[in-house]
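This is what each chain is made of:
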Amino acid sequence: MATRRVRFTFEGDAVREPVIYLLGHQFQVVTNIRMADVEQDFGWVILELEGDPDEIERGLAWVLEKGVRIDPVSGDVVEG
Amino acid sequence: MSNATHLACRECSREFPLDPINVCDFCFGPLEVQYDQGAIRSRVTRERIEAGPRSIWRYKDLLPVDDDYIVDLNVGFTPLLRADNLARKLGMRELWIKNDTCNPSWSFKDRVVAVASSRARQLGFETLACASTGNLANAVSAHAARAGMRAVVFIPHDLEAGKVLGSAIYHPTIVAVNGSYDDVNRLCSELADNRHWAFVNINVRPYYAEGSRTLAFEVAEQLGWRAPRQCVAPMASGSLFTKIHKGFEELQTYGLIDHAEIRMIGAQAAGCSPIATAWQNNTTNIRPVKPDTIAKSLAIGNPADGYYALKTMAATGGGAASVSDAEVVEGIQLLAQTEGVFAETAGGVTIAGLRQAIQRGTIDPNESTVAFITGGGLKTADAVEPHVTRPIPVEGTLQSFEHAFAAAGHN
């Protein structure tokens with residue numbers, strides 16, 4: 001088992017999609033929301049994912065396909 | 001012994017030991033170093049600081065590092081120039097330039113890496129790591145060399161060779177990641193969890209960020225132990241901006257300077273301005289962007305401390321400026337031509353942001369103002385190369401010179 005801490009950013013229609021619910025149902029991944037701020041057409045959610053590493057990867061690839069941006073919880077790491 | 005006591009979450013205030021961690025286990029908020037304020041207040045005086053070395057380490061009582069572990073490249077105590085020529089151009093009364101181009105690897109990143117590498121050594125790390133397109137990699141590579149540590153630097157695969165040289169000369173291990181910036185971000189975040197490496201802006205970020213406070217300490221001391229009324233600083237992650245203000249506040253807390261209201265103005269390039277855009281839209285919800293600007297050292301599309309930068313602006317009556325790439329070039333030229341300081345593109349952002357803030361009334365031209373110039377111009381020479389003065393070609397005769405000189409409009 002592995003854990004991953006990630007930040008999902010939702011824009012436009014993606015805000016209304018139950019992406020996190022479906023992630024937990026379509027993949028063997030436990031989703032644990034820790035912080036979030038969601039407005040009408042924009043929002044972000046910081047959460048921890050727990051599961052088999054390959055299953056987490058498959059789940060995250062699916063989330064990306066849904067138009068959700070995925071970042072490390074600490075923001076961008078690459079600096080100038 | 002350092003006066004640092006523990007880490008605390010900036011969101012939920014939970015406390016943690018001084019370990020290589022950067023995120024609160026409970027709420028995933030960022031962690032920040034806390035100090036024994038009583039010990040600092042009783043021990044630290046202006047005289048004690050003034051008797052210290054001419055580097056950031058004169059403020060070691062205010063930094064999270066024990067003496068035995070300091071990695072010393074003589075970073076900091078850079079010039080604070082009274083910029084009367086530029087002030088006249090901008091219609092200002094008292095303008096100062098904090099010239100951080102004078103650091104060992106020619107940018108302010110030496111400050112944060114000096115503290116991060118020292119703390120990393122104290123924590124028992126033998127490898128310093130970072131992901132960077134320039135300044136940060138230069139500073140990490142230089143400090144690792146000085147400390148006898150291994151450096152591992154991650155870069156995007158398509159980074160120009162010239163940008164790599166400033167790191168490669170110190171002989172780090174350079175890893176070129178075949179993918180987007182997002183892929184580099186993700187890989188390094190995972191590596192920070194899996195390798196016993198000190199990733200300066202990931203697992204040792206709380207210590208790294210503390211180094212930026214030394215800019216405020218120095219400015220206050222160089223102004224004769226007072227704070228300016230206004231500061232203009234560039235924003236990438238937003239960390240530098242918030243820590244400058246925190247540094248001034250701490251000096252007030254410790255009684256080293258009088259109470260002062262300091263207005264903080266942050267500057268970004270329009271091609272990567274998630275913080276300035278959020279400010280203009282009156283929201284604390286920062287929308288990540290894909291950077292597209294010549295100000296590469298500020299090109300952070302998803303800024304870790306953007307929310308805190310916005311809070312600092314709001315709390316100080318400050319604001320944000322967003323400037324075009326053309327204005328960035330003009331800013332670099334203006335600073336060079338009025339004060340003899342050649343800044344990289346981030347400096348152009350600061351000067352253009354200063355000018356915009358005056359025009360919009362965010363800055364009072366009659367109040368003392370410090371503009372922070374965070375990196376040297378040779379790092380981004382390509383940005384200004386098409387715009388600089390061209391030589392007047394002459395033969396080696398007086399007649400040829402006089403003719404060509406006059407033809408070029410000189411006398």
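Starting afresh in each chain, residues are numbered from 1 along the sequence in its written order. Chains and ligands are labelled by the order in which they are written, letters from A for the one and numbers from 1 for the other. Restriction of local features to residues with pLDDT of at least 70 applies here, the model being predicted, together with a cutoff of 80 or more for giving and counting side-chain atom pairs; totals for whole chains, interfaces and linings are based on all residues.

(A) View of the packing of helix α9 (residues 213–222) of chain B against helix α10 (residues 239–253) of chain B. Residue and element names in this part refer to chain B. Here an axis means a line fitted to C-alpha atoms, over the contact stretch when the element is a helix, while the angle between two N-to-C directions is reported on a 0 to 180 degree scale. Working definition: helices are DSSP H or I runs of at least four residues, strands are E runs of at least two. Numbering for both runs from the N terminus. Taken N-terminus to C-terminus, the directions of α9 and α10 make an angle of 50 degrees; their axes are 7 Å apart at the nearest point. In terms of orientation, α9 lies oblique with respect to α10. In this structure, the crossing between α9 and α10 has a hand that is right-handed. Seen from α9, the contacting residues are Arg213, Leu215, Ala216, Phe217 and Ala220; seen from α10, they are Lys243, Ile244, Lys246, Gly247, Phe248, Glu250 and Leu251. Throughout, the term roughly parallel applies to angles under 35 degrees, roughly antiparallel to angles over 145, roughly perpendicular to angles from 65 to 115, and oblique to all others. Crossings are classed by handedness, with left-handed meaning an anticlockwise turn of the near helix from the far one by less than a right angle and right-handed meaning a clockwise turn. We call two residues in contact if the C-beta atoms placed from their backbones are at most 7 Å apart.

(B) Up close: the pairing of strand β1 (residues 4–9) of chain B. Residue and element names in this part refer to chain B. Here the rule is simple: two strands pair whenever DSSP picks up at least two bridges between them. When β1 meets strand β3 (residues 31–35), the two strands line up antiparallel, connected through five bridges. Residue pairing across strands places histidine 6 opposite glutamine 34, the latter belonging to β3. Strand direction decides the pairing type here: β1 and strand β2 (residues 15–16), joined by two bridges, are antiparallel. Each residue of the ladder has a partner; that of alanine 8, found in β2, is glutamate 15.

(C) Fine view of the interface of chain B and chain A. Each partner contributes to the interface: chain B provides 33 residues, whereas chain A provides 19 residues. For the side of chain B that touches chain A, the elements supplying multiple residues, two or more each, are α5 (135–147) and α7 (181–194) of chain B. Per-element tally for the side of chain B that touches chain A: the top contributor is α7 of chain B, with six residues. For the side of chain B that touches chain A, the residue count by class is 16 nonpolar, 13 polar and four charged. Any residue that is not Ala, Val, Leu, Ile, Met, Phe, Trp, Tyr, Cys, Pro, Asp, Glu, Lys or Arg is counted as polar, Gly included; the first ten are nonpolar and the last four charged.

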